[in-house]
Amino acid sequence: MNCLHCQTSASRVIESRDLEGGSVIRRRRECNDCQQRFTTYERVESAQLVIIKKDGNRQAFSRHKLAAGLYRALEKRPVAQSKIESLINQIEQSLKSMGEAEVPSSQVGEEVMKGLLGLDQVAYIRFASVYRRFDDIESFAQELRKIRRKQ
Ligand SMILES: [Zn+2]
């Protein structure tokens, strides 16, 4: 791990701390050369998750894309960023814990819908209207009734 400041590769660890229930280790390091301190994060690499799209194409799961979709749905909604981030973590965890290397995109959509429903109903409807592509007012109304029942 090269020093951030002088690129020297030799450094010593001055502090280690477990984060996220032990799945991440944060290390404070001190450069042997310039004595500046920097931080590194170490995480176990889990098997790459592949998403099967509707047209059958396969694509590596992208946390970034998932987050972008959620932030779009939650734009200008009164939801704390920490809650959004923990929902993203939760969805990613739940997809990975299915133990499948390949997951259909519809499964991702369902997980997002489920998460949004518990977080913010307006965001849920926004996401659902794109994801489910309501063809008519009736299917939209049906979705609304579903939310009401869950309340
Ligand atoms: Zn250095």
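Along each chain, numbering runs from 1 in the same order as the chain's sequence is written. Residue-level local features of this predicted model are given only where pLDDT is at least 70; pairs of side-chain atoms are given and counted only at 80 or more, and the full residue set underlies all totals for whole chains, interfaces and linings.

> Which parts of the structure should I look at to understand the domain arrangement of the protein chain?
By a frequent convention, interface size equals the accessible area lost on bringing the separate parts together. Boundaries between domains were set according to an automatic or database domain assignment. By the assigned domains, the protein chain splits into domain 1 (11-43) and domain 2 (50-150). For domain 1 versus domain 2, the separation of C-alpha centres amounts to 34 Å.

> Would you take a moment to explain the nonpolar core for this structure?
Generally speaking, soluble globular proteins have nonpolar side chains that are buried together. By our criterion, buried Ala, Val, Leu, Ile, Met, Phe, Trp, Tyr and Cys residues that link up through C-beta atoms within 7 Å make up a nonpolar core. Exposure criterion: with C-beta atoms placed from backbone coordinates, a residue whose C-beta has 20 or more other C-beta atoms within 10 Å is buried, one with 12 or fewer is exposed, and one in between is partly exposed. Within the largest apolar cluster, 14 residues are counted, with the highest numbers of intra-cluster contacts made by Leu-70, Ala-73, Val-112, Leu-116, Ala-123 and Phe-127. Residue assignment for this core shows that the elements contributing at least two residues are α1 (63-73), α2 (81-96), α3 (105-119) and α4 (121-131). By residue number, the principal contributor to this core is α4, which donates 4 residues. Here a helix means four or more residues in a row that DSSP labels H or I, a strand means two or more in a row labelled E, and each is numbered from the N terminus.

> Hey, could you run me through unusual backbone geometry in this one?
The phi torsion of most residues other than glycine is negative, and most of the peptide bonds are trans. Backbone geometry places Gln-35, a non-glycine residue, at a positive phi of 65°. Mapped onto the elements of the fold, Gln-35 is located in the loop between β2 (24-31) and β3 (37-43). The exposure class of Gln-35 is exposed, given the 11 C-beta atoms found within 10 Å. A positive phi is found at Lys-76, a non-glycine position, where the angle reads about 60°. Inspection of the secondary structure assignment puts Lys-76 in the loop between α1 and α2.

> Can you walk me through the sheet that holds strand β1 (residues 11-19) in this structure?
Strands in a sheet are paired, the pairing made by backbone hydrogen bonds, and the direction either parallel or antiparallel. At least two DSSP bridges between two strands are needed for those strands to be called paired. The antiparallel open sheet is built from 3 strands, whose spatial order is β1-β2-β3. Across the chains shown, the open sheet's two edge strands, defined by having one partner strand only, are β1 and β3. Taken over all neighbouring pairs, the strand axes of this sheet differ in orientation by 25° on average, direction set aside. The pairing of β2 with β3 spans 7 bridges and is classified as antiparallel. If you follow Arg-26 over to β3, its bridge partner there is Tyr-41. Here an axis means a line fitted to C-alpha atoms, over the contact stretch when the element is a helix, while the angle between two N-to-C directions is reported on a 0 to 180 degree scale.

> Please clarify how the packing of α3 against α4 should be interpreted in this entry.
The axes of two packed helices give the description: the angle between them and the distance between them. Orientation of α3 relative to α4, taken along the N-to-C sense of each, is 155°, at an axis distance of 8 Å. It follows from the interaxial angle that α3 and α4 lie roughly antiparallel. Regarding α3 and α4, the two cross each other, and that crossing is left-handed. Residues Gly-109, Val-112, Met-113, Leu-116, Leu-117 and Leu-119 of α3 lie in contact with α4, whose contacting residues are Ala-123, Tyr-124, Phe-127, Ala-128 and Tyr-131. Broken down by class, the residue content of the contact of α3 with α4 amounts to 10 nonpolar, 1 polar and no charged. Under this scheme an angle from 65 to 115 degrees is roughly perpendicular, one under 35 degrees roughly parallel, and one over 145 degrees roughly antiparallel; angles in between are oblique. The handedness criterion is simple: a crossing whose near helix is rotated anticlockwise from the far helix by less than a right angle is left-handed, and one whose near helix is rotated clockwise is right-handed. The contact criterion used is a C-beta to C-beta distance within 7 Å, with each C-beta placed from the backbone. Note that Gly is not counted as nonpolar here; it falls among the polar residues with everything else outside the nonpolar set of Ala, Val, Leu, Ile, Met, Phe, Trp, Tyr, Cys and Pro and the charged set of Asp, Glu, Lys and Arg.

> What should I look at first to understand the sheet that holds strand β4 (residues 50-52) in this one?
Taken in spatial order, the 3 strands line up as β5-β4-β6 in an open sheet, and their pairing is mixed. Strands with a single pairing partner mark the edges of an open sheet, and in this sheet they are β5 (58-60) and β6 (102-104). Mean inter-strand twist for the sheet, computed between neighbouring axes without regard to direction, equals 35°. Here β4 runs beside β5; their pairing, made up of 3 bridges, is antiparallel. Bridge pairing in β5 links Ile-51 to Gln-59. Packing of α3 onto the sheet brings it into contact with β4 and β6, and relative to β6 it is tilted by some 65°.

> Help me understand the packing of α2 against α3, please; the structure alone is not making it clear to me.
At a minimum axis separation of 10 Å, α2 and α3 run at an interaxial angle of 145°. The way α2 lies across α3 gives a crossing that is right-handed. Touching Lys-83, Leu-87, Gln-90, Ile-91, Ser-94 and Leu-95 of α2 are Val-108, Glu-111, Val-112, Gly-115 and Leu-119, all from α3. Of the residues in the contact of α2 with α3, the class split is 6 nonpolar, 3 polar and 2 charged.

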